[in-house]
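# Topology and contacts: notes
Letter by letter, the chains look like this.
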Amino acid sequence: MTGAARALAVTLLLEVPIAAALFPKQRLRIAGVAFVANTATNLFLNVGLPWLGVRGQTRILVGEIVALALEALAYALLSRPRQPARAVVASGLGNLVSFALGPALAGFLFLSAFLVACGGSPQTDVDGGLDAAADGQVDAPIADATPEADAAPSCAPSDAAPTRSFALADWPTFTAATAPDWTAAANVTSAAMPSAPAGVAVAPGGGWVFTALHTELAVSKRTGAATTLDHAYPDPANEVAFGVALSRDGTTLALSLSDEIALYDVAKTEANGSGALLGYVPTKSVKKTSIDVAFSADGAFAFVALEYDSAVAVVDVGKLAYVGAIPIDGTAVTGVVVSPDGARLYVTTELANAFKAANPSPAPDQVVGMITVVDVPKAEATPATSVLGSAYVGRAPVRSALSPDGATLWVTARGSNALVELDTATLLSTTCNPVRSETAVGPAPVGVTVLDGGKAVAVANSNRFQAPTLPQTVTFVSASSPVLLGQVTVGAFPRELDADATALFVSNFNSQSLSGLDLTKLALP
């Protein structure tokens, strides 16, 4: 039973009998009226208002006022003879009893349904999970509030465990691991950059690599895994560039800047021709931290992570227009990735607000973050109401990458020295544990990408806090086990990764270089 269904069931079980009892000569009529009226007001509270973006105490206050008024009006108009005073008493008493007894009955219904389903424990989500609020119309979990949200999945008994909370103890930290040295086999090349590189994207066709430098877009000519800087596009306003993304058809490139994105025609950018820049679109980042960017599946929209604005900006690519912002319940929104089918956007956030509230002075990187799941079609039209829910994911998660089938989300947990494997089908489940595995990798991992048709994962071990100026590594992990396969030494603070079938490219932020690794020489699965 979903959270919204539990909330409705509790409301009907408590309020329908009370209303019928107060109209002894027309119990059947009033029971039917109460059933319809309470169903309508409950769905308005637990589905309609969250869909409209009304949440928290405001949602409870508005929902309660509407419930009291509409239920009293229904009883008054449809009672025979009409009895308005008795109708007000019936509505008020029913809501009062729901207020007092609703949470206990909701908990009983959930426990019963949960034990029948798969024997696990309820998920505690960012929005308060399964709290049955004493608001007269039992509160449903936010993750269940959208009717078109992903259907509740079934899970194997081994997965029927509670999703972990925002407590640090729920998310272990690992000693940084080492793997067999593949550096010699990878034939690593290194190309100097004029400033610190961040985002990197490999152009289709194998001839070019794009890199976000400090205030410009670098375009490098590629031969195999070796690159040579060919030309660059400086930002006229000297805004800091960070994320780079290519549309799936390879025709458009997005570069995230401080408080805007620049859009480029890929073919003209490669040729250093006129008209390469299509235009700029503001992201309205107050903190000027537009950090990561991803395209929708059809390339019509771009999603921009606004690191310290607790939001993701939505941009209409064709119209060169800002659409709006997706609210994120956390700080340090650092990663965005769109599912292969284009239906979902997964947003990585380092610090969940719930953790921050409970731990106002945490140790560096020892914070619990989350993945927020967004309905992409809704985000393109009404971003403010497009969030489906969130799930805690590890200590300071920073980037994520999806398997080609969209079934697995790989997340780098920088504070845990770990690569977390998540099952996307159960990510918002209240009964199934979405964490498939946590694998120790190198120190403070940041960048992550999927290789070899989803058979392997590459992770950039930044070690940015302990050894920011020393060469670090990229770890290769088997996706099926997962186990460490090997590691390759690159530059200082390897930050972002991108690859095609033959080569992997790494932006070394503190070395001001771009490394190329020959994947054809490595023993990948």
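Anyway, here's the lowdown on the structure attached to this text.

Criteria and thresholds
- Residues numbered from 1 in each chain as written.
- Predicted model: local features only at pLDDT ≥ 70, side-chain atom pairs only at ≥ 80, totals over all residues.
- Heavy atoms only, no water.
- Helix = DSSP H or I, 4+ residues; strand = E, 2+ residues; numbered from the N terminus.
- Buried < 20%, exposed > 50% of the residue type's maximum accessible area, 1.4 Å probe, protein only.
- Contact = heavy atoms within 4.5 Å.
- Areas by Shrake-Rupley, 256 points an atom, 1.4 Å probe, with all protein chains shown as cover.
- Pairing = 2+ DSSP bridges.
- Axes fitted to C-alpha atoms, helices over the stretch in contact; angles between N-to-C directions.
- Core = buried A, V, L, I, M, F, W, Y, C linked by side-chain atoms within 4.5 Å.
- Salt bridge = Lys/Arg side-chain N within 4 Å of Asp/Glu carboxyl O.
- Patch = residues over 30% accessible without salt bridge, like charges linked within 9 Å, V, L, I, M, F, W, Y side chains within 5 Å.

### Here's the deal with the overall build of the protein
- Each helix and strand in the protein was counted, giving 8 helices and 28 strands.
- Here the protein, with 525 residues, has 59% of them falling under the buried criterion.
- Across the protein, every contact between residues at least 6 apart in sequence was considered, and the portion connecting residues at least 24 apart equals 55%.
- Accessible area for the protein stands at about 19,700 Å²; split by element, carbon and sulfur atoms hold 61% of it.

### Quick word on the sheet that holds strand S3 (residues 208–212)
- With respect to topology, 4 strands assemble into an open sheet ordered S2-S3-S4-S5, the strand pairing being antiparallel. At either end of the open sheet lies a strand with only one pairing partner, and these are strand S2 (200–202) and strand S5 (226–234). The sheet shows a mean angle of 20° between the axes of neighbouring strands, taken without regard to direction.
- Pairing of strand S4 (residues 216–223) with S5, which is carried by 8 bridges, proceeds in the antiparallel orientation. Bridging across to S5, Val219 finds its partner in His231.

### Looking at the nonpolar core
- Among the nonpolar cores identified, the biggest contains 46 residues, and Phe303, Val312, Ile326, Leu345 and Leu422 are the most heavily contacted of them.
- What Leu422 contacts, discounting residues up to four positions off in sequence, is Ile371, Val393, Ala407, Thr408, Leu409, Val411, Leu427, Pro434 and Val435.

### Regarding the pattern of salt bridges
- Applying the stated rule across the entire model yields 8 salt bridges.
- A salt bridge links Arg222 to Asp500, with the nearest nitrogen and oxygen atoms 2.6 Å apart. Of this pair, Arg222 sits in strand S4 while Asp500 sits in the loop between strand S26 (494–499) and strand S27 (503–508), placing them 278 residues apart in sequence.
- Note that Asp423 and Arg436 form a salt bridge whose closest N and O atoms lie 3.0 Å from each other. Here Asp423 is found in strand S20 (residues 418–423), whereas its partner Arg436 is found in strand S21 (residues 435–440), with 13 residues between them in sequence.
- For Arg436, a relative accessible area of 41% gives the class partly exposed.
- Here the salt bridges share partners, and the residues they tie into one network are Glu350, Asp365 and Arg414.

### With respect to the side chain of Ser296
- With respect to the helices and strands, Ser296 occurs in the loop between strand S10 (290–295) and strand S11 (301–306).
- Not counting chain neighbours up to four residues away, the residues in contact with Ser296 comprise Phe301, Phe303 and Glu380.

### Digging into the sheet that holds strand S14 (residues 330–338)
- Read across the open sheet, the 4 strands follow the order S14-S15-S16-S17; overall the sheet is antiparallel. Looking at which strands have only one partner, the edges of the open sheet turn out to be S14 and strand S17 (387–395). Strand-to-strand twist across the sheet, computed as the mean angle between neighbouring axes with direction ignored, equals 25°.

### Considerations on a nonpolar patch on the surface
- A cluster of nonpolar side chains, namely Leu70, Leu73, Leu77 and Leu78, defines an oily patch on the protein surface of about 340 Å² accessible area.
- Mapped onto the secondary structure, Leu73 falls in helix H3 (residues 56–78).
- The class of Leu73 is partly exposed, set by a relative accessible area of 44%.

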